[in-house]
Number of protein chains: 2
Amino acid sequence: MKSKDTAPKKDVISRQPFPNSKKIYVQGKLHPQVKVAMREINLSDTKDSLTGKLVPNEPVTVYDTSGPYTDPNQEIDVHKGLERLKLPWILERGDVEQLDSFTSEFCNKRLNDSELNHMRFAHLKKPFRAKKGKNVTQLHYAKKGIITPEMEYIAIRENQRIDEMTEISQQHQGESFGAAIPSKITPEFVREEVARGRAVIPSNINHPEAEPMILGRNFLVKINANIGNSATTSSIEEEVEKAVWACRWGADNIMDLSTGKNIHETREWIIRNSPVPVGTVPIYQALEKVNGVAEDLTWELFKDTLIEQAEQGVDYFTLHAGVLLRYVPMTAKRVTGIVSRGGSIMAKWCLAHHKENFIYTHFEEICEVMKQYDVSFSLGDGLRPGSVADANDEAQFAELETLGELTQIARRHEVQCFIEGPGHVPMHMIKENMDKQIEVCDEAPFYTLGPLTTDIAPGYDHITSGIGAAMIGWYGCAMLCYVTPKEHLGLPNKEDVRTGVVTYKLAAHAADLAKGHPGAQHRDNALSKARFEFRWEDQFNLGLDPELAREYHDETLPADGAKIAHFCSMCGPKFCSMKISQEVRDFAAKNKVNEETVVEMGMEEKSQEFRDKGSEVYL
Amino acid sequence: MKSKDTAPKKDVISRQPFPNSKKIYVQGKLHPQVKVAMREINLSDTKDSLTGKLVPNEPVTVYDTSGPYTDPNQEIDVHKGLERLKLPWILERGDVEQLDSFTSEFCNKRLNDSELNHMRFAHLKKPFRAKKGKNVTQLHYAKKGIITPEMEYIAIRENQRIDEMTEISQQHQGESFGAAIPSKITPEFVREEVARGRAVIPSNINHPEAEPMILGRNFLVKINANIGNSATTSSIEEEVEKAVWACRWGADNIMDLSTGKNIHETREWIIRNSPVPVGTVPIYQALEKVNGVAEDLTWELFKDTLIEQAEQGVDYFTLHAGVLLRYVPMTAKRVTGIVSRGGSIMAKWCLAHHKENFIYTHFEEICEVMKQYDVSFSLGDGLRPGSVADANDEAQFAELETLGELTQIARRHEVQCFIEGPGHVPMHMIKENMDKQIEVCDEAPFYTLGPLTTDIAPGYDHITSGIGAAMIGWYGCAMLCYVTPKEHLGLPNKEDVRTGVVTYKLAAHAADLAKGHPGAQHRDNALSKARFEFRWEDQFNLGLDPELAREYHDETLPADGAKIAHFCSMCGPKFCSMKISQEVRDFAAKNKVNEETVVEMGMEEKSQEFRDKGSEVYL
């Protein structure tokens, strides 16, 4: 299992485009340099069952998180890293400077350690930072009324060209619970939502490789995939590929939760090659620096870690600033105590020193760091419930109140901020989490882990949590942190990551449908139409996982002929409801059967005609 | 793939008991002959982290659908079939007679066909039927105020001895949407619910092998697994094992949807060896009898099929009686037309003959058949939506109105009746389905397929539908028909059946938690406590799929030692929140830290003590 840390090989990175898909780039109007990457899925024609005429089906454009990897025209070299597409936009604003060297002591120690040469990222760039007295956050620009290229990119991306595609059938209204999603997302709308603090654009100026994306309940629900090596397993190589792999299947951003040695180097490789924002939990690395002895953590060491990661390009930090000394005893009677790693580390520190959480006491100072790089706060829920028994309890909601207070401080500093949530919550208690968070945190975006709706299915927790994730996404949650089948049992491998990501992608999409997001139902309708018309290839290709769908189909009907067959292995020709249904429809059409004519009895000749031709329509 | 139909071999049947579990039998009080089978999971002791003392954990009793197969003390011979445990109860009532021969023409034709000898069930028994003028339905008894052994069995089974197990922590209240679940299920409560038509006990007098179970929104949510061979695949052998296998993982009943040849013989083998009720869609076999030409179906042939299956012991029939001629044109503009096989067959027949659905026009005559065997109606939703685009449309709700009308007719005949529902429905439109059904069908139990909450994830439809299933179960749905990963793509194999059943079991349980079912949360709490205390084996064994959980765990930490380790592969020792959390808790206990003391500052000696011992607690 354990393999030595070395620079990743090019060939381990997944690059193949999705079947019948091509990458397209939509240009910005306000900012012509903006080119929004999307995936266009081409479809085969529909054969009219009566006339036999071929009717073309429009291609379907979908939101694409896979980055340049799925574009055959793009040169990829993981040793150079991805193109830094946002850099010109950042420099154009004239409020950043490139430093001669890295600020973090620890960072420089690593850079000067020749033993790490073999694993160090080759083309290291000097970091950027805000000029003295400048604030470079998207929130700061938004409040000044500036529509940044990042904002226009997001507006175009969220629309998925849906207005240019003809709707196949009525889109359902949806029930939005106070969210207000416009029929078309404009750059100005993006700006307003960011300025209001209701949306966040994670975009560290030192991660210009990432394609802009937004978190907010008036936008598409996003998902996060956790990767990262642990003390016991995996290598840099595996982690970079895991990041690319997660994005391929739909991760809107990733978190590097590495806890082993060489966290610094691993993270560099991941960020330089990640087309999506990257988040971390800095306390993990800080703890490594004090050899795992929580009591030895200090503010100075922690601050150096924040700067180290900010200059590498981490887009948001999970900070357990709400775990206050007085809340710790509230967890004593819980079934599962404290289940957040960061939360338990801070609780241990607080008790050991009998002092208040240093992330809380130094929060304003942290804001000063964040605004110089546009690192967003992801205020961690260190006291989230670890079992349905502990859901929505005193400790959890006490911490949430504190996160609400910190949200206001972050906003005063014009630092972007969103809030993390549970965890393990039975279905009937999920909405209370969303409603309380909106109220207490003044509509800052919510980012939850699941929640798991029951504890009795280890091995299936991507599903127990996918249920809760879809529901809270519908209620207004902005981002869903995935759970893999290995949750509670082991570290996810590549296949687990794929299963977790696709499960959460479908949950997020189910939420978008329920919210009535204008861009959501088009893909469902296109796939359903393909299904009804037995366009098997199109059905596979419009799905979230074309490979798996094809694989399952071919298990029972491998022959190519079966993929154009007007029935499938489930029912066989005689029992195919869709086939019969098409016959019924054709008969009705040919004979102008409608709700009126059908009630006049005795259409004998029509039934005769049907008996003659009806069952033959497909021959 | 295709294998010749022959009698099943004994050794292909899964029999191994679940780890650390033993089958127990709880005796009835009103009816001492009633012995309710349950599974008792034995747990290891908890090691007190401070004193090191061992504290025993009570065994946990769970609802068990696996039947005698998981009881090593029971002799199983698939050629003889299971013990006919309900037969004495049925005979005792003195209202049935055993016939000298089978009534169905078709049945007798098959029995006299020597070519079928090699595949025929060996120990065929003569069928039972109500004596002239008698009604033998559980509904009939319930209305007369009789508490049958079946009812007492169910009351004991639903309680799962929860009142005898000490609750580990507070059970959440739940939100029941008008359901009224008592804190303890009594036999009288079961009778009342059945008499009211709000619950159904599927129990054909010719299927005495099945253990009694109940469908109703004031009881545990049940799940159904579809099995059955198709024209293209599988054998009797595989189907019997698939039935046993489905029950093993938690199927509360199964439907035999066979459409190939030898349906009659396959069904006999399945029913004789099924510990749970068995449902069918008789129109499938009827269509086979007319070589798949829907137009050739006749009422007489259909009626003979109903009697044939009633005398074999089918517990409920899915009948698409609500697909009326005038509703068919309502499906013309749909994206996916009619997706119910039975529905499309009836629609085709109606149009071809321009006559009203013969199942509808002969409904009273069908009631006369049902009441002689206590076969329940499962009124099929032939016009259910096959895509989110078609959800909750005119056709679907028009049919539902008709099913409501037929429910009243069935009740007048004192025949048990429940209602089938969709299908494909986005989350925000699910509750409307439940509420309308309760209103229109006067609280008859609802039985839905999923619903799938999005159409874009072929290969993952057990999950897209598990989301909808959990939600509608919470809203009051009595039974959830499972969907496997192969839905829309191919026929499920054994592993797909297992995945589908466990997925639906966890969805049903999530619903029971949300409804606040008194028997639900105990298992979650016991598993969470085991998780927090690193009792790995107990965590596996309390889960729905112990084998898979263990397998996943062992992938990363195979050593036996790891299963008693106080950390796991996810975080390693230093980052284990549960370990740290236990240390925090012990520290608080030892030093009487509570919400008062914690606010007095300067407990230096305590923090010192913690630094000395705190991190060592586990060594």
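Conventions we followed
- Every chain is numbered independently, its residues counted from 1 as its sequence is written.
- All chains are assigned letters beginning with A, and all ligands numbers beginning with 1, in the order in which they are written.
- Reporting of local features is limited, given that this is a predicted model, to residues whose pLDDT is at least 70; pairs of side-chain atoms are given and counted only at 80 or more, and all residues count toward the totals for whole chains, interfaces and linings.
- Only hydrogens and water are set aside; all other atoms, that is, all heavy atoms of the structure, feed into the side-chain values.
- UniProt positions are given in the numbering used here, feature names are shortened, and annotations may be inferred rather than shown by experiment.
- Segments assigned H or I by DSSP are reported as helices when at least four residues long, segments assigned E as strands when at least two residues long, and all are numbered from the N terminus.
- Think of it in three bands: residues with accessible area under 20% of the maximum for their type are buried, residues over 50% are exposed, and the middle band is partly exposed, with areas taken using a 1.4 Å probe on protein chains only.
- Residue contacts follow a heavy-atom distance rule, with two residues in contact if any of their heavy atoms lie within 4.5 Å.
- What makes two strands pair is DSSP finding at least two bridges between them.
- We call a crossover right-handed when, viewed with the strands running away from us, the connection from the first strand over the helix to the second turns clockwise.
- Note on ring pairs: Phe, Tyr and Trp rings are taken, using the six-membered ring of Trp, and paired if centres are within 6.5 Å. Classes follow the plane angle, with under 30 degrees stacked, over 60 edge-to-face and the rest tilted.
- As a rule, the C-alpha atoms of each element are fitted with a line to give its axis, helices using only the stretch in contact, and angles between N-to-C directions run from 0 to 180 degrees.
- Here the copies are matched by least squares. The fit uses the C-alpha atoms of residues with pLDDT of at least 70 in both.
- Helix crossings are classified by the rotation of the near helix relative to the far one: an anticlockwise turn of less than a right angle makes the crossing left-handed, while a clockwise turn makes it right-handed.
- The residue classification treats Ala, Val, Leu, Ile, Met, Phe, Trp, Tyr, Cys and Pro as nonpolar and Asp, Glu, Lys and Arg as charged. All others, Gly included, are polar.
- Multiplying one less than the number of residues by 1.5 Å gives the expected span of a helix.
- Reported buried area values correspond to the accessible surface (1.4 Å probe) lost by two parts on association, with both partners' losses combined.
- Every case where a carboxyl oxygen of Asp or Glu lies within 4 Å of a side-chain nitrogen of Lys or Arg is listed as a salt bridge.
- The definition of a polar contact used here is a pair of N or O atoms within 3.5 Å, where within protein one atom must be able to donate a hydrogen and the other to accept one, and adjacent residues in sequence count solely through side-chain atom pairs.

Named according to an unreviewed UniProt entry, chain A is Phosphomethylpyrimidine synthase originating from Euzebyella saccharophila. On record in UniProt, under Function (unreviewed entry), the comment for chain A is "Catalyzes the synthesis of the hydroxymethylpyrimidine phosphate (HMP-P) moiety of thiamine from aminoimidazole ribotide (AIR) in a radical S-adenosyl-L-methionine (SAM)-dependent reaction."

Engineer: Whenever I open this one, the overall build of chain A confuses me. Can you help?
Structural biologist: Scanning chain A from N- to C-terminus turns up 21 helices and 17 strands. Across the 619 residues that make up chain A, the buried fraction comes to 70%. Of the contacts made within chain A by residues no fewer than 6 positions apart, 77% connect residues no fewer than 24 positions apart.

Engineer: It is not clear to me how the pairing of strand β11 (residues 253–256) of chain B should be interpreted in this structure. Could you clarify?
Structural biologist: For a regular strand, the rule is simple: side chains alternate between the two faces of the sheet. Residue and element names in this part refer to chain B. Along β11, one buried face is formed by Asn253 and Met255 and the opposite face, lined by Ile254 and Asp256, is buried too. With 4 bridges joining them, strand β10 (residues 222–227) and β11 adopt parallel strand pairing. Within the sheet, the bridge partner assigned to Asn224 lies in β11 and is Asn253. One ladder, built from 3 bridges, connects β11 with strand β12 (residues 278–280); its direction is parallel. What sits directly across from Met255, in β12, is Gly279. Regarding topology, helix α7 (residues 263–272) serves as the crossover connection from β11 to the parallel β12, and that connection is right-handed.

Engineer: When you look at the UniProt feature "binding site: [4Fe-4S] cluster" (unreviewed entry) in chain A in this model, what are you seeing that I'm missing?
Structural biologist: UniProt marks A:Cys568, A:Cys571 and A:Cys576 with the feature "binding site: [4Fe-4S] cluster" (unreviewed entry), using the numbering shown here. Looking at the secondary structure, you find A:Cys576 in the loop between α19 (546–556) and α20 (577–590).

Engineer: Would you mind showing me how to read the packing of aromatic side chains here?
Structural biologist: Any pair of aromatic rings gets described here by the distance separating the centres and the angle formed by the planes. Applying the stated criterion across every chain, the model contains 32 aromatic pairs over all chains. Ring geometry for B:Phe121 against B:Trp269: centres 4.9 Å apart, planes inclined by 80 degrees, an arrangement best described as edge-to-face. Of this pair, B:Phe121 sits in the loop between α2 (105–111) and β7 (128–130) while B:Trp269 is found in helix α7, placing the two residues 148 residues apart along the sequence. Its relative accessible area of 3% is what places B:Phe121 among the buried residues. Feature note: the residues A:Trp299, A:Phe302, A:Trp349 and A:Phe358 constitute an aromatic cluster, connected by ring pairs.

Engineer: It is not clear to me how the sheet that holds strand β2 (residues 35–41) of chain B should be interpreted in this structure. Could you clarify?
Structural biologist: In any sheet, the strands associate via hydrogen bonds between backbone groups, in a parallel or an antiparallel arrangement. All names here are of chain B. The strand order across the open sheet built from 3 strands is β1-β2-β5, with neighbouring strands paired in antiparallel fashion. The open sheet terminates on both sides in strands that have one partner only, identified here as β1 (21–27) and β5 (60–62). On average, each strand axis in the sheet is tilted by 40 degrees relative to the strand beside it, whichever way the strands run. In terms of strand pairing, β1 meets β2 through 7 bridges, oriented antiparallel. Directly across from Val26, in β2, lies its bridge partner Val36.

Engineer: What should I look at first to understand the relation of the copies chain B and chain A in this one?
Structural biologist: Least-squares fitting of chain B to chain A yields an RMSD of 0.0 Å, with the superposition described by an axial translation of 0.0 Å and a rotation of 180 degrees. What the superposition gives is, in effect, a two-fold axis relating one chain to the other. Among all residues of chain B, the one whose C-alpha sits closest to the rotation axis is B:Ile467, at a distance of 2.4 Å. A high fraction, 100%, of the interface residues of chain B reappear at the interface in chain A, so the copies pair face to face through one surface.

Engineer: Mind showing me how you'd approach the packing of helix α6 (residues 236–249) of chain A against helix α7 (residues 263–272) of chain A here?
Structural biologist: When two helices pack together, their arrangement is given by the angle between the helix axes and by the axis-to-axis distance. Residue and element names in this part refer to chain A. Closest axis-to-axis distance for the α6/α7 pair is 9 Å, and the angle between their directions is 30 degrees. Helix-helix and strand crossings are classified by hand; for α6 and α7 the assignment is right-handed. On α7, the residues touching Ile236, Glu239, Val240 and Ala243 of α6 are Glu265, Thr266, Trp269 and Ile270. For the contact of α6 with α7, a count of residues per class yields 5 nonpolar, 1 polar and 2 charged.

Engineer: Help me understand helix α17 (residues 521–532) of chain B, please; the structure alone is not making it clear to me.
Structural biologist: Along an α-helix, residues three or four positions apart point the same way, because every turn accommodates 3.6 residues. Here α17(B) spans 16 Å end to end across 12 residues, near enough to the 16 Å set by a 1.5 Å rise per residue. Among the 12 residues that make up α17(B), 11 are buried, leaving the element largely enclosed by the rest of the structure. Taken residue by residue, α17(B) has B:Gln521, B:His522, B:Arg523, B:Asp524, B:Asn525, B:Ala526, B:Leu527, B:Ser528, B:Ala530, B:Arg531 and B:Phe532 as its buried positions. Looking at the buried positions of α17(B), the neighbouring elements they touch are α15 (461–475) of chain A together with β2, β5, α16 (494–515), α18 (536–542) and α20 (577–590) of chain B. B:Phe534 occupies a position one or two residues after α17(B) and carries a positive phi of about 55 degrees.

Engineer: What is the right way to read α20(B) from this model?
Structural biologist: All names here are of chain B. Here α20 spans 20 Å end to end across 14 residues, near enough to the 20 Å set by a 1.5 Å rise per residue. Among the 14 residues in α20, 12 count as buried, and that is most of the element. Buried within α20 are the following residues: Ser577, Met578, Lys579, Ile580, Ser581, Gln582, Glu583, Val584, Arg585, Asp586, Phe587 and Ala588.

Engineer: It is not clear to me how the interface of chain B and chain A should be interpreted in this structure. Could you clarify?
Structural biologist: Often the size quoted for an interface is simply the accessible area lost on bringing the parts together. Across the boundary between the two partners, chain B contributes 132 residues, which contact 132 residues of chain A. In total, about 11,300 Å² of surface goes out of reach between chain B and chain A, with carbon and sulfur atoms giving 68% of it. The interface formed by chain B and chain A holds 2 salt bridges in total. Linking A:Lys486 and B:Glu555 is a salt bridge whose minimum nitrogen-to-oxygen distance equals 2.7 Å. For the pair chain B and chain A, the interface holds 18 residue pairs in polar contact (both at pLDDT 80 or more).

Engineer: Looking at this model, I keep getting lost on the UniProt feature "binding site: Zn(2+)" (unreviewed entry) in chain A. Mind explaining?
Structural biologist: Per the UniProt annotation, the sites labelled "binding site: Zn(2+)" (unreviewed entry) are A:His424 and A:His488. Separation in sequence by 65 residues is not matched in space for these annotated residues, since their most distant C-alpha atoms are only 12.3 Å apart. Looking at the element boundaries, A:His424 is found in the loop between β15 (417–421) and α14 (430–440). A:His424 gets classed as buried once you look at its relative accessible area, which sits at 7%. Every residue in contact with A:His424, bar those within four places of it in the chain, is listed here: A:Pro385, A:Gly386, A:Ser387, A:Val388, A:Ala391, A:Pro451, A:Leu452, A:Asp455, A:His488 and B:Arg531. Residue position: A:His488 is located in the loop between β17 (479–481) and α16 (494–515). Residue classification places A:His488 among the buried positions, given a relative accessible area of 13%. Among the polar contacts made by the side chain of A:His488, one reaches the side chain of A:Asp461 at a distance of 2.9 Å.

Engineer: Would you mind going over the side chain of A:Arg272 with me for this structure?
Structural biologist: Residue and element names in this part refer to chain A. Relative to the elements of secondary structure, Arg272 occurs in helix α7. Polar contacts involving the side chain of Arg272 include one to the side chain of Glu209, which spans 2.8 Å. Not counting residues within four places of it along the chain, the set of residues in contact with Arg272 comprises Gly81, Leu82, Phe121, Asn206, His207, Glu209 and Gln312.

Engineer: What is the right way to read the pattern of salt bridges from this model?
Structural biologist: Two side chains carrying opposite charge are able to pair once their charged atoms lie near each other. Taken as a whole and assessed by the stated rule, the structure comprises 79 salt bridges over all chains. Residues A:Asp381 and A:Arg384 are paired through a salt bridge, measuring 3.4 Å at the closest nitrogen-oxygen approach. Assigned by exposure class, A:Asp381 and A:Arg384 land together as buried. Residue B:Arg498 is joined to B:Asp545 by a salt bridge in which the shortest nitrogen-to-oxygen separation is 2.8 Å. Of this pair, B:Arg498 sits in helix α16 while B:Asp545 is found in the loop between α18 and α19 (546–556), placing the two residues 47 residues apart along the sequence. Residue classification places B:Arg498 among the buried positions, given a relative accessible area of 8%. Put simply, A:Glu193, A:Arg196, A:Arg198, A:Arg217, A:Arg411, A:Asp442 and A:Glu443 are held in one network by salt bridges that share partners.

Engineer: Whenever I open this one, the environment of B:Ile409 confuses me. Can you help?
Structural biologist: Residue and element names in this part refer to chain B. By secondary structure assignment, the location of Ile409 is in helix α13 (residues 394–412). Given a relative accessible area of 15%, Ile409 falls into the buried group. Taking the C-alpha atoms as reference points, Ile409 and Arg15, separated by 394 residues in sequence, lie 43 Å from one another.

Engineer: Even after reading the chapter, I still don't get the sheet that holds strand β16 (residues 446–449) of chain B, so can you show me in this structure?
Structural biologist: Residues and elements named next belong to chain B. Strand order in the closed barrel formed by 8 strands is β10-β11-β12-β13-β14-β15-β16-β17, and the pairing between neighbours is parallel. Strand-to-strand twist of the sheet, defined as the mean angle between neighbouring strand axes without regard to direction, takes the value 25 degrees. Pairing between β16 and strand β17 (residues 479–481): 3 bridges, direction parallel. Each residue of the ladder has a partner; that of Tyr447, found in β17, is Met479.

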